[in-house]
Structure formats: structure tokens, C-alpha cells
Amino acid sequence: MKDLSIIIVNYRGGERLIKCLESIQNVKDSRFSFEVVVVDNQSGDGSLALLSHLFPHFTFVSNSGNNGFANGCNLGAAKSRGANILFLNPDTTVTAAALFDMLEEIRVRPENSIVSCSQVREDGSFDRPYGKFLRIPTLTGWLRAINQFVYGRIEDSIVQTKHYVYPDWVSGSVLMIRRDSFNRLGGWNDDFWMYFEDVDLCKRALQNKGEIVLLKNAVIGHIHGVSSRLNPEISALTKSEVNISRHAYISKHEKSEKAFFMHLLLIINTLVIGLIPALLGLFVLSAKRLHVISLVYFNMVEYYFQVFRTGNWISIRSVNYPRKQAVPEEEPVFSRLKHV
């Protein structure tokens, strides 16, 4: 059995994915063995055949569709055999030192723990790929601003030492877990099509006495948003999915009355506060940012109609949507508003 399985979910990663795979191919370290499994979410660009030729020692798997990050990760994990699993974004570059440091750390942490590392952007600045769980003060930009003005930055409350950060969650862009822990937790929840699946996994890990740890001194390069910024429509889709996944996360992890209030705040923020910039985007098409805001707004209107119809908060793009639309997770907010 290999020490490590590296799982990469790809959707039109292009040159960034090639650089990522080249960086992994260049890892030569006798201290650990590894395999690489790339899951392609039907990019449709012919890249799978080329990549298979360029990297013959890696495994390439074609998914049945663009089924989302969580679904692709689960498929990749099922096709791999390593004792530990590293889920890695296709727009990252790795070093042997960072991989080894994370491996050493995951081996000594309690079961169900998750380990990540520092991430550096292309310009040399450091990212913050971690955070606190979603709460009412962090739901929207204006709520975050109020909370920061009154109480200070939420990030400042995250426990840190000289070598470690102990956040509530770490980004799925670089996330290592032991295979037995991954199986025990039930893997990724593919109710999430994109975003918040990493927050959900970390939440379940902590609930099962695991630790969430980020290594400060291990560093991996990360160039954000390669496949999510291809054009305004895709940019709007991914921004919409952030909002949708926020609702899905709330429905899974918050109790009824608190969940209701959080859903309602998000709906007001989206449909009421977001109305004016969305209307501007309809008439000022030359302003790309406003155009994207307008597209996001109408994507969310469509999503809320779906919630009203099905009573379920997950994305219509989730592979689980067809079977879950007939089994509502909770009474829809729209129905409950009648009793308020």
C-alpha cells in the first residue's frame, strides 16, 4: 500500500493542471511513496488523452458529468489505495517537503483529524485557506463589517502557535486525512456541488473528536479560480453556488429556529439589498462586475423558486438533487413566513 494517494478533481484546468502534475512528478523522496488519481469532471476539451500520454504513471478517471468537487473527490478516493489521502486543487504546485511534513503530522494526530498547510499566491503573498464556522455575524458582508467594528476581526480569535494554526475549517484545495478516518466520516458530502463541502467535512471531523490543523512552515503554491473565471456566465455560476452552498450548510448544521433566521437573512440580503446593483447590471452591460452581479441575482431567484417548490436547499447541480427533491429537509422558509 502506498503511503499517500493524491486526488485531483479537474474541470478544464489547462496549463495550471499540467504545472501541478509536473510538480508532483518531480517529487523524489525515499521517505514516502505516493500515487496520483486525477478525476476529470467531463471537461470536454480533449485534455484527458493528452494528460494520460504526458503522465503515464498517474491514473486518470472520467466522471459521468460535471458532478462537483465533492463527488469527484469521492470518486477519486474510491479509485485510490493509499493509507492517507491528499485532496489537491489542480491549480496548485507542491514540494516533497510539504507533502512529507503533512504526512508526518497526520500520522500523529487523533483519528478523524484533518491537516493542511500554508498556501502562497503567484505574487508571493500568503493566502488564508482556513476560517471559523459560519455564524450569523459572518453571513454577509455588511454583517461581517458590523461585527468587526464592534468586536474586531473574527480571524484574530483563531488559535495559533509558532508552527500551527487551529481553525474551525481548512480549504479543500489542500486537505489531508487518513483513509480510515475518511471512510469513518462518510467521505465528502456530495449534496454540495461546489463550496462549503470542506467546511462540512471539517465540521464532522471536529464533531468526531478530530483536530483541524494547518502547518505554517509547510508551503504549497496556489493560483485561485482558474476554471471558475473562464467567462462572466461561469463566474456568475460559481458565485451563485457560494450562496446556495451557504444555505445547504445551514440546513445541515443549524437547529430549526436558528436555521430559519439565517436562511431569512441571506434571502433578504440577496433579493432586497442585491436588487439595485442587479438592475444596474441589466442596463450597464459594459460593466463586467455589474453584469455578473445581475446574473447571480437571477440565478438566485431561480434557486429560491426551486426551494419553494421542493423544500430542499441543495443545488440543482448536485448529483443528489433528483432523489432529494421528493424528500424535503425541512419546511421551506417561504411556507414558514406565513406563520410569522
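Heads up: the structure comes first, above all this text.
About the cut-offs
Residues numbered from 1 in each chain as written. Predicted model: local features only at pLDDT ≥ 70, side-chain atom pairs only at ≥ 80, totals over all residues. Heavy atoms only, no water. Helix = DSSP H or I, 4+ residues; strand = E, 2+ residues; numbered from the N terminus. Rg over C-alpha atoms; globule rule 2.2 N^0.38 Å. Buried < 20%, exposed > 50% of the residue type's maximum accessible area, 1.4 Å probe, protein only. Contact = heavy atoms within 4.5 Å. Lys, Arg positive; Asp, Glu negative; His and termini not counted. Charge placed at Lys NZ, Arg CZ, Asp CG, Glu CD. Polar contact = N/O pair within 3.5 Å; in protein donor to acceptor, adjacent residues only side chain to side chain. 1 Å grid on protein atoms, 1.4 Å probe; cavity = no way out; pocket = protein on both sides within 12 Å on 5 of 7 lines; lining within 4 Å. Points joined across faces, edges and corners; volume = space filled by probe spheres on them. Nonpolar A, V, L, I, M, F, W, Y, C, P; charged D, E, K, R; others polar. Core = buried A, V, L, I, M, F, W, Y, C linked by side-chain atoms within 4.5 Å. Salt bridge = Lys/Arg side-chain N within 4 Å of Asp/Glu carboxyl O.

## Overview of the overall build of the protein chain
Moving on, step 1. From N to C terminus, the protein chain includes 13 helices and 12 strands.
Moving on, step 2. Against the globule reference of 20 Å for 340 residues, the protein chain gives a C-alpha radius of gyration of 20 Å, in line with a compact fold.
Moving on, step 3. With respect to the three principal axes, the spread of C-alpha positions in the protein chain is 65 × 45 × 40 Å.
Moving on, step 4. Taking all 340 residues of the protein chain together, the buried fraction comes to 53%.
Moving on, step 5. The contacts of the protein chain with a sequence gap of at least 6 include a subset with a gap of at least 24, amounting to 75%.
Moving on, step 6. Between the averaged position of the 38 positive side-chain charges in the protein chain and that of its 33 negative side-chain charges there is a distance of 2 Å.

## Notes on the environment of tyrosine 297
Moving on, step 1. Topologically, tyrosine 297 is positioned in helix α11 (residues 288-310).
Moving on, step 2. Note on tyrosine 297: relative accessible area 11%, which makes it buried.
Moving on, step 3. Considered as a pair, tyrosine 297 and glycine 274 are 23 residues apart in the sequence and their alpha carbons are 7.1 Å apart.
Moving on, step 4. Sequence-distant contacts of tyrosine 297, defined by excluding residues within four places in its chain, comprise Thr270, Leu271, Gly274, Leu275 and Ala278.
Moving on, step 5. In terms of polar contacts, tyrosine 297 uses its side chain to reach the backbone carbonyl oxygen of leucine 271, at 2.8 Å.

## A short note on the layout of surface pockets
Moving on, step 1. What the second largest pocket holds in volume is close to 190 Å³.
Moving on, step 2. Together, Leu237, Ser240, Ile244, Asn299, Glu302, Tyr303, Gln306, Arg309, Ser315, Ile316, Arg317 and Tyr321 line the second largest pocket.
Moving on, step 3. Every element with two or more residues in the lining of the second largest pocket is listed here: α8 (232-253) and α11.
Moving on, step 4. Top contributing element to the lining of the second largest pocket by residue count: α11, with 5 residues.
Moving on, step 5. For the lining of the second largest pocket, a count of residues per class yields 5 nonpolar, 4 polar and 3 charged.

## Quick look at the nonpolar core
Moving on, step 1. Membership of the largest hydrophobic core comes to 41 residues, with the highest contact counts inside it found for Phe87, Ile114, Leu139, Val170, Leu175 and Trp188.
Moving on, step 2. Beyond its immediate sequence surroundings of up to four residues, phenylalanine 87 is in contact with Ile7, Cys73, Ala77, Gly172, Ser173, Val174, Leu175, Ile177, Phe182 and Trp188.
Moving on, step 3. Core analysis: the second largest hydrophobic core is formed by 33 residues, Leu21, Ile24, Leu88 and Met176 among them.

## Quick word on the pattern of salt bridges
Moving on, step 1. Counted according to the given criterion, the structure contains 14 salt bridges.
Moving on, step 2. Taking the shortest distance from any N to any O, the salt bridge between aspartate 180 and arginine 184 comes out at 3.9 Å. Here the residue aspartate 180 and the residue arginine 184 both occupy positions in helix α6 (residues 179-185), the gap between them amounting to 4 residues, near one helical turn.
Moving on, step 3. Judged by relative accessible area, arginine 184 falls into the partly exposed class, the value being 43%.
Moving on, step 4. Among the salt bridges present, the one from aspartate 191 reaches lysine 252, with a minimum N-O distance of 2.4 Å. Separated by 61 residues along the polypeptide, aspartate 191 in the loop between α6 and α7 (197-207) and lysine 252 in helix α8 bring together distant segments of the chain.
Moving on, step 5. Relative accessible area serves as the criterion here: at 2%, aspartate 191 is assigned to the buried category.

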